[in-house]
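One-letter residues, chain by chain:
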Amino acid sequence: MSVPRPPAPSRSFRLLSHAGDLDDLAARPSAFQALDARAKVLVTLGFVAVAASFGRNAALAPLPLLAYLAAAFALGEVPLAAVAARVALLSPFALLVGVADLVLHRAPAGTLWGVTFSEGAVSFASLLIRFVLCACAVFLLAATTRFSEVVHAFRGLGMPRALATQLLLSHRYAFVLAEEAGRILRAHALRAPGTGAPALPVAGRLVVQLLLRSLARAERVHAAMSCRGFDGDLTIRPTPPARVRDLAFVVACGLFFAAVRAVDVPTALGRALSP
Amino acid sequence: MHMSDALISPGVGAAAWAAMAGGVGWASRRLTRGNDPRRVPLMGVMGAFVFAAQMVNFSIPGTGSSGHLGGGLLLAILLGPDAALLVMTSVLVVQALLFADGGLLALGCNVVNLGMMTSWLAYPLVFRPLAGDRPGPLRLGLASVAAALVGLQLGSLGVVLETTLSRQVSLPLPSFLGLMQSIHLAIGLVEGLATAAVVQALWKARPDLADATFEPARTSLLRAALVVAAAAALFAGGLSQLASQSPDGLEWALEHSIGTAEPQAPAHAAHALAASAQAATAKLPDYGGGSPLAGLLGAGVTLVFALLVGLGIRALRRRTPDGAPAP
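One numbering rule holds for all chains: residues counted from 1, following each sequence as written. All chains are assigned letters beginning with A, and all ligands numbers beginning with 1, in the order in which they are written. In keeping with the predicted nature of the model, local features appear solely for residues at pLDDT of at least 70, side-chain atom pairs appear and are counted solely at 80 or more, and the whole-chain, interface and lining totals rest on all residues. Just so you know, side-chain values use all the structure's heavy atoms and leave hydrogens and water out.

*Asks:* Please clarify how the packing of helix α8 (residues 161-191) of chain A against helix α2 (residues 39-53) of chain B should be interpreted in this entry.
*Replies:* For any two helices packed against each other, one specifies the inter-axial angle together with the distance between the axes. Where helices are involved, their axes are fitted lines through C-alpha atoms of the stretch in contact, as for all axes, and angles between N-to-C directions lie from 0 to 180°. To qualify as a helix, a DSSP run of H or I must reach at least 4 residues; to qualify as a strand, a run of E must reach at least 2; elements of each kind are numbered from the N terminus. In contact at an axis separation of 7 Å, α8(A) and α2(B) are set at 50° when each is read in the N-to-C sense. In this view, α8(A) runs oblique relative to α2(B), as classed from their interaxial angle. Relative to α2(B), the crossing made by α8(A) is right-handed. Facing Thr165(A), Gln166(A), Leu169(A), Ser170(A), Tyr173(A), Ala174(A), Leu177(A), Ala178(A) and Ala181(A) of α8(A), the residues of α2(B) in contact are Val40(B), Pro41(B), Met43(B), Gly44(B), Val45(B), Gly47(B), Ala48(B), Phe49(B), Phe51(B) and Ala52(B). Side-chain classes follow a simple rule in which Ala, Val, Leu, Ile, Met, Phe, Trp, Tyr, Cys and Pro form the nonpolar group, Asp, Glu, Lys and Arg form the charged group, and the remainder, Gly included, forms the polar group. Grouping the constituent residues of the contact of α8(A) with α2(B) by class yields 14 nonpolar, 5 polar and no charged. The scheme is simple: roughly parallel for angles under 35 degrees, roughly antiparallel for over 145, roughly perpendicular for 65 to 115, oblique for anything else. The handedness criterion is simple: a crossing whose near helix is rotated anticlockwise from the far helix by less than a right angle is left-handed, and one whose near helix is rotated clockwise is right-handed. Contact between two residues is taken to exist if any of their heavy atoms lie within 4.5 Å; hydrogens are not considered.

*Asks:* So what exactly am I meant to see when it comes to the pattern of salt bridges here?
*Replies:* When the charged atoms of two side chains with opposite charge come close together, those side chains can pair. All names here are of chain A. Each reported salt bridge corresponds to a side-chain nitrogen of Lys or Arg within 4 Å of a carboxyl oxygen of Asp or Glu. Inspection of the entire model under this criterion finds 7 salt bridges over all chains. Among the ionic pairs, Glu 180 bridges to Arg 213, the shortest N-O distance being 3.0 Å. Remark: Arg 213 occurs in helix α9 (residues 200-227) and Glu 180 occurs in helix α8; sequence separation between them is 33 residues. Judged by relative accessible area, which is 9%, Glu 180 ranks as buried. Partly exposed describes any residue whose relative accessible area lies between the buried limit of under 20% and the exposed limit of over 50%, with all areas from a 1.4 Å probe on protein chains only and scaled to the type maximum.

*Asks:* Explanation requested: the nonpolar core in the structure shown.
*Replies:* One recurring pattern in soluble globular proteins: nonpolar side chains tend to sit buried together. Counting residues in each nonpolar core, the largest one holds 148 residues, and the members touching the most others are Leu65(A), Tyr68(A), Leu69(A) and Phe49(B). With 14 residues, the top contributor of residues to this core is helix α5 (residues 107-131) of chain B. The term nonpolar core refers to a set of buried residues drawn from Ala, Val, Leu, Ile, Met, Phe, Trp, Tyr and Cys, joined through side-chain atoms within 4.5 Å.

*Asks:* It is not clear to me how the state of the cysteines should be interpreted in this structure. Could you clarify?
*Replies:* Cysteine pairs can be covalently joined through their sulfur atoms, and such a bond is termed a disulfide. Residue and element names in this part refer to chain A. Here, the term disulfide refers to a pair of cysteine sulfur atoms separated by no more than 2.5 Å. Here the structure, examined in full by the defined rule, presents 0 disulfides over all chains. There is no disulfide at Cys 134, and the cysteine sulfur nearest it, in Cys 136, is 9.5 Å away. Exposure remark for Cys 134: the relative accessible area of 4% places this residue in the buried category.

*Asks:* Which parts of the structure should I look at to understand unusual backbone geometry?
*Replies:* Excluding glycine, residues mostly have negative phi values, and the peptide bonds linking residues are mostly trans. Even without a glycine there, the phi angle at Glu77(A) is positive, about 55°. Assignment of secondary structure puts Glu77(A) in the loop between α3 (66-76) and α4 (80-89).

*Asks:* How should empty space enclosed by the protein be read in this particular structure?
*Replies:* One way to see where empty space is left: roll a probe the size of a water molecule over the atoms. Grid points spaced at 1 Å and placed over the protein atoms alone form the basis of the search, with a cavity being a set where a 1.4 Å probe fits but cannot get out and a pocket an open set showing protein on both sides within 12 Å along at least five of seven lines. Lining residues have an atom within 4 Å of a point. Grid points are joined across faces, edges and corners, and a volume is the space filled by probe spheres set on the points. Following the criterion strictly, the structure yields 5 cavities of 30 Å³ or more and no others. Looking at the second largest cavity, its volume works out to about 60 Å³. Forming the boundary of the second largest cavity are Leu200(A), Ala203(A), Gly204(A), Val207(A), Ala53(B), Val56(B), Phe58(B), Leu69(B), Ala194(B) and Val198(B). Of all the secondary structure elements, the ones that give two or more residues to the lining of the second largest cavity are α9 of chain A together with α7 (173-205) of chain B. Of the residues that constitute the lining of the second largest cavity, the class distribution is 9 nonpolar, 1 polar and no charged.

*Asks:* Would you explain a nonpolar patch on the surface in this entry?
*Replies:* Residues enter patches when their relative accessible area tops 30% and they take part in no salt bridge; the joining distance is 9 Å for like charges and 5 Å for the nonpolar side chains Val, Leu, Ile, Met, Phe, Trp and Tyr. Surface accessibility in these figures is a Shrake-Rupley result with a 1.4 Å probe; residues are shielded only by whichever protein chains are displayed. Where nonpolar side chains cluster on the molecular surface, the patch consists of Val99(A), Leu102(A), Val103(A) and Leu104(A) and spans about 300 Å² of accessible area. By secondary structure assignment, the location of Val99(A) is in helix α5 (residues 93-104).

*Asks:* What is the right way to look at the interface of chain B and chain A in this model?
*Replies:* Interfaces are frequently sized by the accessible area removed from exposure as the parts join. Between chain B and chain A, the contact holds 70 residues from the first and 77 residues from the second. With both chains or domains summed, chain B and chain A bury close to 6200 Å², and 79% of this area falls on carbon and sulfur atoms. For the pair chain B and chain A, the interface holds 1 salt bridge. Of the charged contacts, one joins Glu219(A) and Arg206(B) as a salt bridge, the two residues approaching to 3.5 Å between their closest N and O atoms. Under this definition, polar contacts are N or O atom pairs within 3.5 Å; protein pairs additionally need one hydrogen-donor-capable and one acceptor-capable atom, and for neighbouring residues in sequence, both atoms have to be side-chain atoms. Scanning the region where chain B abuts chain A turns up 5 residue pairs in polar contact (both at pLDDT 80 or more). Elements represented by at least two residues in the side of chain B that touches chain A include exactly α1 (10-34), α2, β1 (58-60), α4 (81-98) and α7 of chain B. Note on terms: buried area is the combined drop in 1.4 Å-probe accessible area of two parts once they are placed together, counting the loss on both.

Put into structure tokens, the structure is as follows:
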């Protein structure tokens, strides 16, 4: 008798597992990890804004931004293979929209080595490149900065205290409740082998079990916090002042991003090198 | 429905961030004023619960695929609209930062589409009026499905508008709209049924939670008005740029029957009086040539007029001592 295979882990489960790995990576000391979290958050936001500002017809112009990612990955000692696996898991919505563009816009945009490229192909390539750049920049931030440091950085940049508290607690208990969900799913799989994803009524009862355990845990957490003098306000340590190297990092990256935005380096290089 | 940074222009992203900052700041202040220490760990754990609950996939009959609970409507039912918005925002921030699921620049758009539309519009304006106090299973199911449908339709409409205004892709608006709205109709139906199933089972296990869930709703007129005003400004100021230049149905019929879309008015005193009154009051004749300013002004005047009508009716109802409607 063959043993029925357990259902494949859901996309949410895989993302959550990878998130735990990213936090472990962020705890490792490195030159990039030592930078102030606010500086890294600002640079990441600037990177994403510049990458997103390229129009749909600028497929190659954002490519020089890869230089920042390459340098940062090297300084942060972040394995590229880990990032590639995570990018592959991301929502395909942007890619579906890009594919629709590819299909709907077939007017020729140009030829290269005898191959005619449509406007849709250029737009799709532009979307894909910007998507990968932005996703990699965010993964870099997560892999070199602990989540609590990122929240502290946003708090220093004006995030409301209630939201900062909410983020820290949610992050803290996400992995705990994910284990709880894993136990519930394993129990279901052992009792209903080979049935795949449960039907809605059954899944509803499983979710309710998880919810009841979550509510009970919330009550225990509140009791524990009250015993430690919690009065509704989570104590968040003050942010240390920025150092000269952090400011230099922000300024240097800002200038580089501005230069990439202002000058279409790949096109200029291509013209200079072509006969 | 998570939008990525590649679909958003910096301008649209910044505007959505501003809307997110304003909305989240307001919700945070209201929750802080409530000063209930139990709420803090409960909201934190509920945010973690949403992550964990999304791991539980259920099969969707007839499609061969599976789905999972989104959680926005469930949070609003269990925690109230302000707390739900804060929890959904934390979920989206964690998803953006740790999973890159939904971009950083697009975070504001995702909070507006997935958080505000459900917590501040669908829940108070659809779910609460339909569910009433302590609904039975059928009423709860209908209210959940209706609220989930409305919330997700508004959210997907937000996605379409933000993507179109950003001009990062050149999808035809009608096709994009048709595809997104129809897909999210199905998703909304499933989300509503799943939410109703969870809430119903929860109340059976914990009847005390049912009492806590249905505290009298404190619907904020100002909050609802601000959301509607922001939506009206987006439509009038932004979407008007995409308006069709083709004649409308009446103009088309007139052109094909009498050869002109604007027939001459007969020489009569009443017509002349009406025309002179219109010339005196029309500050933007022909909608100012279709400018966004005309759209915004028109939306603003309409909104003020509608508010005055609502406030007037409220004032009339309050005049009678026993609360009965005025004759």
